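What follows is the residue order along each chain.
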Number of protein chains: 2
Amino acid sequence: MIEGWTTQSSTVVHRGRRMTVRRDEVRRADGSPGTYEYTEAVDGVRVLALDGRGRVALVAEDVYVCGLRLLLCPGGGCDPAEDPAAAARRELLEEAGIRAARIEPLTAMWRMPAGARTREHLYLATGLTVGEHRREASEADMELHWVPLAEAVAMCADGRITEAGTLAAVLLTAQRTARPLPHRATDRAPASPAPGATVGEPGTEPR
Amino acid sequence: MIEGWTTQSSTVVHRGRRMTVRRDEVRRADGSPGTYEYTEAVDGVRVLALDGRGRVALVAEDVYVCGLRLLLCPGGGCDPAEDPAAAARRELLEEAGIRAARIEPLTAMWRMPAGARTREHLYLATGLTVGEHRREASEADMELHWVPLAEAVAMCADGRITEAGTLAAVLLTAQRTARPLPHRATDRAPASPAPGATVGEPGTEPR
């Protein structure tokens, strides 16, 4: 809870299969009353798998709610009580048949902070072994594509990649693996040395 | 609708003040049945305002649903039938007191494509004039900060910026205004010349 705010009441106004809708009556730090309605759901994960040739694994999938076929990093919802990094490994294997020697966090982000109490955990996976996927029946239309990271960045800018988690994972990975620019020296963080060094093979990406 | 899919029924299972929850029974392209529950809401906007010194306008705001004070690009929901670019200009003025000579789209993205039928439109605003904000009562706790773009990029990587739209707007702007790397020459799109040229003053950003 934010300092100075109090929740006067919290009511479940709809309980669905994968989300709950709540309406809370609150008092803000300045004493004013407010009503907030929002969904609650398990956290999600999305994992950018970067291979030794600097290519990114993207799955094309029909997404009913959008009415579109989207290009996505593998991902999905955490199982109840599942660690997000474990969920990332599970989704990567299920959707793309990929096992990763290394999974490192990119960030955890709020997708709809005013309307949905759920975060998306983003990971970078390297040291990949590609095998058979284990898709669910509802995922039968998925197709796996390998795209150079620089091309994926261009796809974020020109509207071919439009899903928030995939956008953020691609652009954060591009930042991590970019050759440091002079002005980066004055940035706070990341504390780790050259982040690209832990990725494994950024030097093999075509430049 | 996606090719080959049909919606058998669509039922409103909850109607809230700012969102509607629907449950749809569908038949997928392969003939299998599916049930999808999701929220519908107006589209949102978020606008990255970049000043002549290469600094980004970020507002700090208590966000009840997350239980956190977040750093955000100005933004919010479109009014009914409001053009997203107009909503971006309105929010920029209301929340930060900023008028922009130029507003150009960065992208439109799906924040929760499996659970929410709503997009977020991201804009880059330049040619700024800073005046008085016109915040609503519920926004009284907002504070405006000006942060160098390179620092905002670092904040996306280290967890100080965690809102999806702000992350994407900062990182897409950094990509647009970066000096082109050799490999960018082979990328498809963006079709416009050097996008940085339309931004106005990228050369003044500290490098």
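Summary of the structure given here.

1. Comments concerning the packing of helix α3 (residues 164-177) of chain A against helix α3 (residues 164-177) of chain B
Following both chains from N to C, one finds α3(A) and α3(B) inclined at 45°, their axes separated by 9 Å at the closest point. Between α3(A) and α3(B), the crossing angle belongs to the class labelled oblique. The hand of the α3(A)/α3(B) crossing is left-handed. Residues Ala164(A), Ala168(A), Leu171(A), Leu172(A), Ala174(A) and Gln175(A) of α3(A) lie in contact with α3(B), whose contacting residues are Ala164(B), Ala168(B), Leu171(B), Leu172(B), Ala174(B) and Gln175(B).

2. Considerations on unusual backbone geometry
In this structure, Ala81(A) takes a positive phi of about 65° despite not being glycine. Relative to the elements of secondary structure, Ala81(A) occurs in the loop between β7 (75-77) and α1 (84-96).

3. Regarding α3(B)
All names here are of chain B. Relative to the 20 Å expected for 14 residues at 1.5 Å per residue, α3 spans 20 Å between its end C-alpha atoms, a close match to the ideal helical length. Within α3, 14 of the 14 residues are buried, which leaves the element mostly enclosed by the surrounding structure. Structurally, the start of α3 carries an N-cap: the backbone nitrogen of Gly165 is 3.0 Å from a side-chain oxygen of Glu163.

4. Re the relation of the copies chain B and chain A
Each copy superposes on the other: chain B lies on chain A with an RMSD of 0.0 Å after a rotation of 180° and an axial shift of 0.0 Å. The superposition operator between the copies reduces to a two-fold rotation axis.

5. Considerations on the interface of chain B and chain A
Across the contact, 70 residues belong to chain B and 68 residues belong to chain A. Taking both partners together, chain B and chain A bury about 6500 Å²; carbon and sulfur atoms supply 62% of that area. Three residues, Tyr64(B), Val65(B) and Trp110(B), lead the burial of chain B against chain A; their summed loss comes to 14% of the area buried on that side. Where chain B meets chain A, there are zero salt bridges. Summed over the shared surface of chain B and chain A, the result is 16 residue pairs in polar contact (both at pLDDT 80 or more). Residue composition of the side of chain B that touches chain A, by class: 38 nonpolar, 14 polar and 18 charged.

About the thresholds
Residues numbered from 1 in each chain as written. Chains lettered and ligands numbered in written order. Predicted model: local features only at pLDDT ≥ 70, side-chain atom pairs only at ≥ 80, totals over all residues. Heavy atoms only, no water. Axes fitted to C-alpha atoms, helices over the stretch in contact; angles between N-to-C directions. Helix = DSSP H or I, 4+ residues; strand = E, 2+ residues; numbered from the N terminus. Parallel < 35°, antiparallel > 145°, perpendicular 65-115°, else oblique. Left-handed = near helix turned anticlockwise from the far one by under 90°. Contact = heavy atoms within 4.5 Å. Expected span 1.5 Å × (residues − 1). Buried < 20%, exposed > 50% of the residue type's maximum accessible area, 1.4 Å probe, protein only. Polar contact = N/O pair within 3.5 Å; in protein donor to acceptor, adjacent residues only side chain to side chain. Least-squares fit on C-alpha atoms with pLDDT ≥ 70 in both. Buried area = accessible area lost by both parts, 1.4 Å probe. Salt bridge = Lys/Arg side-chain N within 4 Å of Asp/Glu carboxyl O. Nonpolar A, V, L, I, M, F, W, Y, C, P; charged D, E, K, R; others polar.

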